[in-house]
Structure formats: C-alpha cells, structure tokens
Amino acid sequence: YASIYPMYDFAQKIGGDKIELNIITPPGVEPHDWEPTAKLMGEMEKADVLIYNGAGMENWVDKVLDAFGRNSVMAVDASRGIDLLKTLETEHEHTGHIDPHIWLNPINAKKQAENIKNAFIQADPANKEFYEMNYKKFSDEIRDLDDLYKESLVNIKSRDIVVSHAAFGYLAQRYNLKQLP
C-alpha cells in the first residue's frame, strides 16, 4: 500500500509486476485531512509494505501503525534521510510548518524511491536484482529531469514562480527560484 499518488508511482516503477500495489488516499482527496476507514485499515493490515510520504503529509499514519502494532507491517517513511523545509507561514497551519511536498525536488524523489526500493528488497530479497534494476532506470530518468531543469533555467529573466499553493519550496530551493503563492 502507498499513501499518495507520488509514492504509488515510485513504488510501481520499482516494483513492477513483482508487487501488488494499492493506493490508500482516494483521488481528489486532501491527504492532510483524510483518514482511512476501518475496512481499509483491515485491508492495509494484510500488506507486507506500507509506504508513506512522511513529513506530516499523512496525519493518520501514527494512529494506523499503532493500531496494527508497529511490527506487523513494514512501514516506509519515504522522507527518511531528506532535509525538510519549513512552509511559508500562511500555508499548511495543520502540518506543523513542515513542507511535505518533498518529491517536487527531483533529487528528493530519487531518495524517496531509494527508500522504497530498500524496503522492497528487505521484504522480498529473492527479487533484489529486479528492484535494483528498476530503481537504477528511475534514478537515471530523475537525473535527466534534474539536468533538464538546470539547463532550462540558466538564462531566465525572473526567478519568481507564481503558484496557487505553496507546495514548491523544495523545487524552488533546488533551482534557486522563489515561489509566490
């Protein structure tokens, strides 16, 4: 199980046909405010691996893991090992002032994917080479994306980006941009 679409996407790219993957948060739902139903929790408890973004994105995670018993499912906090940013003060009062949109910096996305890959290998060592190969392919695509961003942003006149939601702090930090929500 993966909590939100970016984590689902990374897990699918690494796990391919060796995993049976489900997304937890329904499409169109605000993941900060949503909580899983008892039925969904029962299904999630049967999972080998539970992947979540972390950094305050999923307020329900601790409650769910406590209900399962911390050792019954391998829980992957995909934000592990990433330097977290504070949000702009006016946004995300309910996330404890940590910006959870980690994956919008491609280098962070690569680290999140690595955390997922390592969990898959731990849960399913027989398919280690498969997961490593898929991670390397994904990692190379991410590196190319990062290079494209850097090249494309070299000669821009303004470093300001106007956004509807202050979710681009990690991207702005990576490429020396300023988000204006």
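Before reading on, note that the structure itself is shown above.
In this report, we go over the structure that sits alongside the text. (Residues numbered from 1 in each chain as written. Predicted model: local features only at pLDDT ≥ 70, side-chain atom pairs only at ≥ 80, totals over all residues. Heavy atoms only, no water.)

Let's shift gears to the pairing of strand β1 (residues 49-52). Here β1 shows no split at all, with Val-49 and Ile-51 on one side and Leu-50 and Tyr-52 on the other all buried. As judged from the 4 bridges shared by β1 and strand β2 (residues 74-77), these two strands associate in the parallel manner. Of the residues in β2, the one forming a bridge with Tyr-52 is Asp-77. Chirality of the crossover, the property in question, places the unit of β1, helix α3 (residues 61-68) and β2 among those that are right-handed. (Buried < 20%, exposed > 50% of the residue type's maximum accessible area, 1.4 Å probe, protein only. Helix = DSSP H or I, 4+ residues; strand = E, 2+ residues; numbered from the N terminus. Pairing = 2+ DSSP bridges. Right-handed = clockwise from strand over helix to strand, strands pointing away.)

This part takes up helix α5 (residues 128-152). In this model, α5 (25 residues) spans 36 Å end to end at C-alpha, consistent with the 36 Å of a helix rising 1.5 Å per residue. When α5 is considered as a whole, its buried residues turn out to be Tyr-131, Asn-134, Tyr-135, Phe-138, Ser-139, Ile-142 and Asp-146. As for α5, its buried residues are in contact with α1 (5-15), α4 (106-123) and α6 (169-174). (Expected span 1.5 Å × (residues − 1). Contact = heavy atoms within 4.5 Å.)

At a minimum axis distance of 9 Å, the contact between α1 and α4 shows a crossing angle of 55°. Considering the angle they form, α1 stands oblique to α4. Pair α1 / α4 crosses with right-handed handedness. Of α4, the residues touching α1 (which contributes Met-7, Phe-10, Ala-11, Ile-14 and Gly-15) are Ala-109, Gln-112, Ala-113, Ile-116, Lys-117 and Phe-120. (Axes fitted to C-alpha atoms, helices over the stretch in contact; angles between N-to-C directions. Parallel < 35°, antiparallel > 145°, perpendicular 65-115°, else oblique. Left-handed = near helix turned anticlockwise from the far one by under 90°.)

Moving on: the pattern of salt bridges. Considering all chains together, one arrives at 13 salt bridges under this definition. Taking the shortest distance from any N to any O, the salt bridge between Lys-137 and Glu-141 comes out at 3.5 Å. With Lys-137 and Glu-141 both in helix α5 and 4 residues apart, this pair spans about one turn of that helix. For Lys-137, a relative accessible area of 54% translates into the label exposed. By relative accessible area, which is 38% here, Glu-141 ends up partly exposed. Residue Asp-146 pairs with Lys-150 through a salt bridge whose shortest N-O separation is 3.2 Å. With Asp-146 and Lys-150 both in helix α5, this residue pair falls 4 residues apart, about one helical turn. (Salt bridge = Lys/Arg side-chain N within 4 Å of Asp/Glu carboxyl O.)

All right, on to the environment of Arg-80 then. Here Arg-80 shows up in the loop between β2 and α4. For Arg-80, a relative accessible area of 48% puts it in the partly exposed group. Placed 64 residues apart in sequence, Arg-80 and Asp-144 show a C-alpha to C-alpha distance of 23 Å. Excluding its chain neighbours within four sequence positions, the residues that come into contact with Arg-80 are Lys-111 and Asn-115.

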